[in-house]
Amino acid sequence: MAPHLIDNHGRVVNYLRLAVTDRCNLRCFYCMPEEGITYLPKAELMTYEEMVRIVRIMAGLGVDKVRITGGEPFVRTDIVAFMYHLRDIPGIKQLNLTTNGTLTYRYIDDLVKLGVKTVNLSLDTLDKDRFFQVTRRDEYGKVMQTFHALLERGIQVKINMVVMQGINTEDIIPMAQLAAQYPVDVRFIEEMPFNGAGDHHQQWEWNFMKIIDTLRSAYPALEKLPDPPHSTSMNYSAPGLQGRLGIIAAYTRSFCGTCNRLRLTPQGQLKTCLYDNGVFNIKDLLRNGATDEQVRDAIVNAVSHRSRDGHEAEQNRLGLPVNESMSTIGG
Ligand code: SAM
Ligand code: SF4
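Residues numbered from 1 in each chain as written. Chains lettered and ligands numbered in written order. Predicted model: local features only at pLDDT ≥ 70, side-chain atom pairs only at ≥ 80, totals over all residues. Heavy atoms only, no water.

Novice: Any chance you could break down the site of ligand 1 for me, citing the residues and the numbers?
Specialist: Neighbouring ligand 1 are 20 residues; Tyr-30, Gly-71, Thr-99, Ser-122 and Met-192 lie closest to it. Between Asn-160 and ligand 1, the recorded distance is 3.3 Å, taken from a side-chain N or O atom to an oxygen atom. Put simply, the parts of the chain that give the shell around ligand 1 at least two residues each are strand S5 (94-99), strand S7 (156-163) and strand S8 (185-190). A class-by-class count of the residues in the shell around ligand 1 yields seven nonpolar, ten polar and three charged. (Near = heavy atom within 4 Å. Polar contact = N/O pair within 3.5 Å; in protein donor to acceptor, adjacent residues only side chain to side chain. Helix = DSSP H or I, 4+ residues; strand = E, 2+ residues; numbered from the N terminus. Nonpolar A, V, L, I, M, F, W, Y, C, P; charged D, E, K, R; others polar.)

Pasting the structure below:
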């Protein structure tokens with residue numbers, strides 16, 4: 001059995017979020033500016049071979065769950081072939097995906113073959129015009145086509161909705177209703193300042209408490225469910241709902257105590273917290289000729305110096321603002 005990777009706060013780390021690209025075909029305003037984005041030069045992106053090697057080393061340390069994210073994973077050429085390689089790495093038990101759903105439809109057969117059980121689908125509104133307002137692209141129909149096809153093929157869907165004050169708060173209840181109509185979980189995410197521009201769009205008034213109050217106004221019998229281990233969402237059920245409602249307090253950071261995740265950015269920066277600035281660059285280590293053992297030691301060392309929570313990680317950025325685009329982190 002693979003050893004456990006345990007951090008300096010006693011937390012087991014077994015989950016990697018792998019951002020395979022910083023590119024995206026949408027321009028969600030909470031994630032990227034509309035124009036003026038400078039994408040990473042191709043040479044700075046990790047190659048598929050490098051990513052497979054890193055995941056193999058991490059799997060040897062006990063990482064058994066990988067989520068592919070980005071940017072939009074499906075804008076990267078040959079992503080599906082890469083996913084087959086990942087699936088075949090000994091020790092990797094779960095391969096999941098976060099996608100905006102616009103390019104996903106044609107790959108659903110592959111997702112089934114790959115054994116992907118759950119897809120996190122980002123959708124912030126059921127209103128076509130508002131979808132355009134948020135994403136700056138007219139792709140609502142494709143996302144819904146993906147949504148229905150995933151359900152038909154038996155893949156569990158978790159909808160991620162970022163709650164944005166002044167933009168889509170009136171969509172909270174209609175989105176929650178999706179969990180009545182379909183067996184899907186709908187998760188409401190506090191907006192974070194990772195928008196590539198450093199703008200705080202608002203006072204972040206829509207925190208998890210306000211979201212819960214809003215849900216309770218429509219579902220007075222909302223009942224808190226026990227938190228699964230390492231869950232970032234607080235989950236609720238209500239009579240009449242097939243799926244669960246979840247709230248992800250990503251800005252308030254209430255879930256750090258059980259955090260089991262590492263993040264790898266498209267250029268190879270290892271993050272031991274969403275809010276840190278990257279602790280070291282694994283790709284550079286590989287390109288400088290490090291052996292697997294040296295890479296393993298560097299990962300173990302980083303994990304043994306993890307921030308206790310997102311607030312500490314933010315402080316350790318020493319004034320560097322939290323304003324990089326989420327497309328360079330992967331959520
Ligand atoms: N492109 C894919 C997608 O949108 O699902 C994967 C990458 S995206 C960066 C991953 C997740 O981060 C999405 O669910 C998105 O809604 C969320 N996200 C992006 N920017 C955010 C922000 N500023 N605050 C909160 N969540 C954000
Ligand atoms: Fe693209 Fe996802 Fe960011 Fe939207 S949230 S711009 S879909 S990476």
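Back to the write-up after that little detour.
Novice: How would you summarise the environment of Met-326 if you had to cite specific residues and measurements?
Specialist: Note that Met-326 resides in the segment after helix H10 (310-315). The exposure class of Met-326 is buried, given its relative accessible area of 14%. On a C-alpha basis, the gap between Met-326 and Met-192 in space is 9.0 Å, while along the polypeptide they are 134 residues apart. Each residue touching Met-326, except ones within four places of it in the same chain, is listed here: Cys-31, Gly-70, Met-192, Phe-194, Leu-274 and Gly-331. (Buried < 20%, exposed > 50% of the residue type's maximum accessible area, 1.4 Å probe, protein only. Contact = heavy atoms within 4.5 Å.)

Novice: Before we move on, could you go through the pattern of salt bridges and cite the residues and values that matter?
Specialist: In the structure shown here, the tally under the stated rule is 21 salt bridges. Across the pair Glu-139 and Lys-142 runs a salt bridge whose closest N-O atoms are separated by 3.0 Å. Using a relative accessible area of 19% as the deciding quantity, one classes Glu-139 as buried. For Lys-142, a relative accessible area of 40% corresponds to the partly exposed category. Residues joined in a network through salt bridges with shared partners are Asp-7, Arg-11 and Arg-306. (Salt bridge = Lys/Arg side-chain N within 4 Å of Asp/Glu carboxyl O.)

Novice: Can you lay out the nonpolar core for me, pointing to particular residues and giving the numbers?
Specialist: If you look at the biggest cluster of nonpolar residues, it comprises 107 residues, and the most contacted ones within it are Leu-18, Ile-68 and Phe-188. If one sorts the elements of this core by residue count, helix H1 (residues 48-60) sits on top with eight residues. Apart from the residues within four sequence positions on either side, Phe-188 is in contact with Met-161, Val-163, Ile-172, Met-175, Ala-176, Ile-211, Leu-215, Leu-245, Gly-246, Ile-247 and Ile-248. (Core = buried A, V, L, I, M, F, W, Y, C linked by side-chain atoms within 4.5 Å.)

Novice: Give a description of the environment of Phe-132 that names residues and reports values.
Specialist: Relative to the elements of secondary structure, Phe-132 occurs in helix H4 (residues 128-135). For the pair formed by Phe-132 and Arg-27, sequence separation is 105 residues and the distance between their alpha carbons is 9.6 Å. Not counting chain neighbours up to four residues away, the residues in contact with Phe-132 comprise Arg-137 and Asp-138.

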